[in-house]
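Observations on chain architecture
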Amino acid sequence: MKEVVLSGIRSTGNLHLGNYFGALSKFVRMQNDYDCLFFIADLHALTTHPDPKSLHGNVKDIIAEYLAAGLDPEKATIFVQSDVPEIPELYLLLNMHVGIGELMRTASFKDKARKALGIKSDNDNDDIEKEIIGTDSNKRVNAGLLTYPTLMAVDILIQKAHKVPVGKDQEQHLELTRRFARRFNSFYGVDLFPEPTNFDFGGAPVKVPGLDGSGKMGKSEGNCIYLADEEKVLRKKVMRAVTDEGPQAPNSPMAQPVQNLFTLLELTSTPDVVKHFTDAYADCSIRYGDLKKQLAEDILKITLPIRERYLEIRDNDEYIARVVKQGAERARERAAKTLAEVRDVMGIKRFW
Ligand code: TRP
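Nothing here was measured: the structure is a model prediction, and the numbers come from that model.

**A short note on the overall build of the protein**
Looking only at helices and strands, one finds 15 helices and five strands in the protein. Scaling as 2.2 N^0.38, a compact globule of 352 residues should have a C-alpha radius of gyration of about 20 Å, and the protein matches this with 22 Å. For the protein, the spread of C-alpha atoms along the principal axes amounts to about 80 × 50 × 40 Å. Counting the 352 residues in the protein, one finds 48% classified as buried. In the protein, once contacts between residues fewer than 6 apart in sequence are set aside, the share between residues at least 24 apart is 77%. Between the mean site of the 48 positive side-chain charges and the mean site of the 51 negative ones, the protein shows a separation of 2 Å.

In C-alpha cells:
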C-alpha cells in the first residue's frame, strides 16, 4: 500500500511563485508515487477572512490553479474541506482532548491574536493571554482561531495521513497533530491514528524570496509574483524589483535584494544563465536591467502556460464541479471510516 500524503492550502488569494516552488510543483511529482490528497482549506480561511463575497471565488481560483499546474484528479484526490462534513464532526470530538493552554501557546495563534487586537509587539513576553481575556466582544479573538490547530490535525488524522508536506511555519501545527494523535491513541488504548511527519519531497526546502528586497514571498507582504499574473504585469513587477547601486569592486559580497534575484534566477533559469550573471556580478560588468529581463523571461516560461490553462479551467464550471465532486466522494469515504472508528472507541453508539 502506498503511503498517504496530504496537504492543504487556505483559500485566501491566488497562488504565487512561493506556493509553486515550495509546494505545488512538488505535489505534482508526489502524485505519481504516493496516495495523495490535496485540498482547499476553506473552513480555515474563515478564521481570518470571513468574507462571503470572495470565499467561493477564492476556492475556485485555487482549484483551477492546482489543476492548471498539473495536479491530476485521476492520480490525486482533490477536494474542498467544507465538502467533507465528517471533518467538523471529528473536530468537535477531538477538541475534547485538546487543552486551551496548548492552543494559546501556539505561535501562529499568538501572532493572529495580536493582529486581531491591534497589538504591535511580537516579543513573547507581552501578556497576550491576559489581553485576550480582557477584550470585549467588539475587538475579539475568535474561537476558531484558537482551535485552528485542532481543525488542521483533523484534516490530517481523519485521512490517516503519514506524510504532510508543509512549510516551516506549519511545523508547530504538525507537532501538535502528532501530540493529539498520541494522546487520543493512548487515552483510549487504541492504535487508530498514525503520527504524521513533515515531508520534504526531493531535497532541501526552498525559500522563495519576494521582490521587495526583504524576506520571503508572501501574500501579506505584497511582494508576490502570481501564477495568474498577466505578462505585462509580471514583467513590470520584475523590472521594479529592489536592487542596489551595483558591485563597486570585483568579487564584492552580494546585498540581500540582489541575492534574492539570483535565488529566483536559480529556481527558474538554466545553470549557464545563472553562471553568466554570477560571473558578470563578480567582475562588475553586470547590468541589473539585463538580469531582470532574463529573469522575467524565465519566470514567464513557467507561469504563462499555467495562466492560460488556469483561465480555461476557471471558465469550465462543469469540469471543476466534476473534479471536486469526485474528490469529495473519495475523501468522504475515507473520512467516514475513520469517524466511525472514533465514535466507536469514544463510546458514541446509536440505539437504532
Ligand atoms: N494551516 C495550513 C497553512 O496555512 C493549511 C492547512 C490546513 C493544512 N489544514 C492542513 C496543511 C492540513 C496541511 C495539512 O498553510
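**Section: helix α1 (residues 17–30)**
With 14 residues, α1 extends 18 Å between its outermost C-alpha atoms, agreeing within 8% with the 20 Å of an ideal straight helix rising 1.5 Å per residue. The buried fraction of α1 is high, at 10 of 14 residues. Of the residues making up α1, those classed as buried are Leu 17, Gly 18, Asn 19, Tyr 20, Phe 21, Leu 24, Ser 25, Lys 26, Phe 27 and Met 30. On its buried side, α1 packs onto β1 (4–10), β2 (35–41), α3 (52–68), α12 (256–268) and α14 (288–314).

**Points about the nonpolar core**
Leu 17, Leu 24 and Tyr 66 are the most contacted members of the largest nonpolar core, which has 62 residues in total. The leading source of residues in this core is α14, at 11 residues. Composition of this core by domain shows at least three residues from each of domain 1 (4–98 + 147–206 + 317–346) and domain 2 (231–311). Residue contacts for Leu 17: discarding those within four places in its chain leaves Val 208, Met 217, Ile 225, Leu 227, Leu 264, Ile 299 and Thr 303. Listed in part, the 44 residues of the second largest apolar core include Ile 87, Leu 90, Ala 161 and Val 342.

**Considerations on the site of the ligand**
Inspection of the region around the ligand gives 14 residues, with His 44, Tyr 148, Met 152, Asp 155 and Gln 170 positioned closest. Taking Asp 155, its side chain carries an N or O atom lying 2.7 Å from a nitrogen atom of the ligand. If the ligand stood free it would expose 360 Å²; the protein chains cover 90% of that surface. Taken together, the elements giving at least two residues each to the shell around the ligand come down to β1, β2 and α9 (148–157). A breakdown of the residues in the shell around the ligand according to their chemical character gives eight nonpolar, four polar and two charged.

**Observations concerning the domain arrangement of the protein**
Here the protein is partitioned into domain 1 (4–98 + 147–206 + 317–346) and domain 2 (231–311). At the interface, 10 residues of domain 1 touch nine residues of domain 2. Interface area, domain 1 with domain 2, both sides summed: about 800 Å², of which 79% is carbon and sulfur. Summed over the shared surface of domain 1 and domain 2, the result is zero salt bridges. At the boundary of domain 1 with domain 2, the tally comes to two residue pairs in polar contact (both at pLDDT 80 or more). Sorting the residues of the side of domain 1 that touches domain 2 by element identifies α1 and α3 as the ones contributing at least two each. Counting residues per element, the side of domain 1 that touches domain 2 draws most heavily on α3, which supplies four residues. In the side of domain 1 that touches domain 2, the residues fall into seven nonpolar, one polar and two charged.

**Side note on the pattern of salt bridges**
Throughout the structure, instances matching the rule amount to 24 salt bridges. In this structure, Asp 200 and Lys 26 form a salt bridge, with 3.7 Å as the shortest nitrogen-oxygen distance. Here Asp 200 is found in the loop between β5 (197–198) and α11 (231–239), whereas its partner Lys 26 is found in helix α1, with 174 residues between them in sequence. Asp 279 is paired through a salt bridge with Lys 275; the nearest N and O atoms lie 2.7 Å apart. Note that Asp 279 and Lys 275 are positioned in helix α13 (residues 271–282) at a spacing of four residues, about one turn of the helix. Classification of Asp 279 as partly exposed rests on a relative accessible area of 36%. One connected set of salt bridges, linked through shared partners, spans Glu 102, Arg 179 and Arg 183.

**Examining the packing of α13 against α14**
Two elements in contact, α13 and α14, have axes separated by 11 Å at closest approach and are oriented at 165°. Overall, the two elements α13 and α14 adopt an arrangement that is roughly antiparallel. Considering the relative orientation of α13 and α14, their crossing is left-handed. Every residue of α14 that contacts α13 at Val 273, Phe 277 and Tyr 281 is listed here: Tyr 288, Asp 290, Leu 291, Gln 294 and Asp 298.

**Section: the pairing of β1**
For β1, a buried count of five out of seven residues is recorded, marking the element as mostly surrounded by other parts of the structure. A crossover links β1 with its parallel partner β2, the connecting element being α1, and its sense is right-handed.

**What about unusual backbone geometry?**
For Asn 251, which is not glycine, the phi torsion reads 55° and is therefore positive. Of note, Asn 251 is situated in the loop between α11 and α12. Unusually for a residue other than glycine, Cys 284 sits at a positive phi of about 65°.

Thresholds, definitions, all that
Residues numbered from 1 in each chain as written. Predicted model: local features only at pLDDT ≥ 70, side-chain atom pairs only at ≥ 80, totals over all residues. Heavy atoms only, no water. Helix = DSSP H or I, 4+ residues; strand = E, 2+ residues; numbered from the N terminus. Rg over C-alpha atoms; globule rule 2.2 N^0.38 Å. Buried < 20%, exposed > 50% of the residue type's maximum accessible area, 1.4 Å probe, protein only. Contact = heavy atoms within 4.5 Å. Lys, Arg positive; Asp, Glu negative; His and termini not counted. Charge placed at Lys NZ, Arg CZ, Asp CG, Glu CD. Expected span 1.5 Å × (residues − 1). Core = buried A, V, L, I, M, F, W, Y, C linked by side-chain atoms within 4.5 Å. Domains from an automatic or database assignment. Near = heavy atom within 4 Å. Polar contact = N/O pair within 3.5 Å; in protein donor to acceptor, adjacent residues only side chain to side chain. Areas by Shrake-Rupley, 256 points an atom, 1.4 Å probe, with all protein chains shown as cover. Nonpolar A, V, L, I, M, F, W, Y, C, P; charged D, E, K, R; others polar. Buried area = accessible area lost by both parts, 1.4 Å probe. Salt bridge = Lys/Arg side-chain N within 4 Å of Asp/Glu carboxyl O. Axes fitted to C-alpha atoms, helices over the stretch in contact; angles between N-to-C directions. Parallel < 35°, antiparallel > 145°, perpendicular 65-115°, else oblique. Left-handed = near helix turned anticlockwise from the far one by under 90°. Right-handed = clockwise from strand over helix to strand, strands pointing away.

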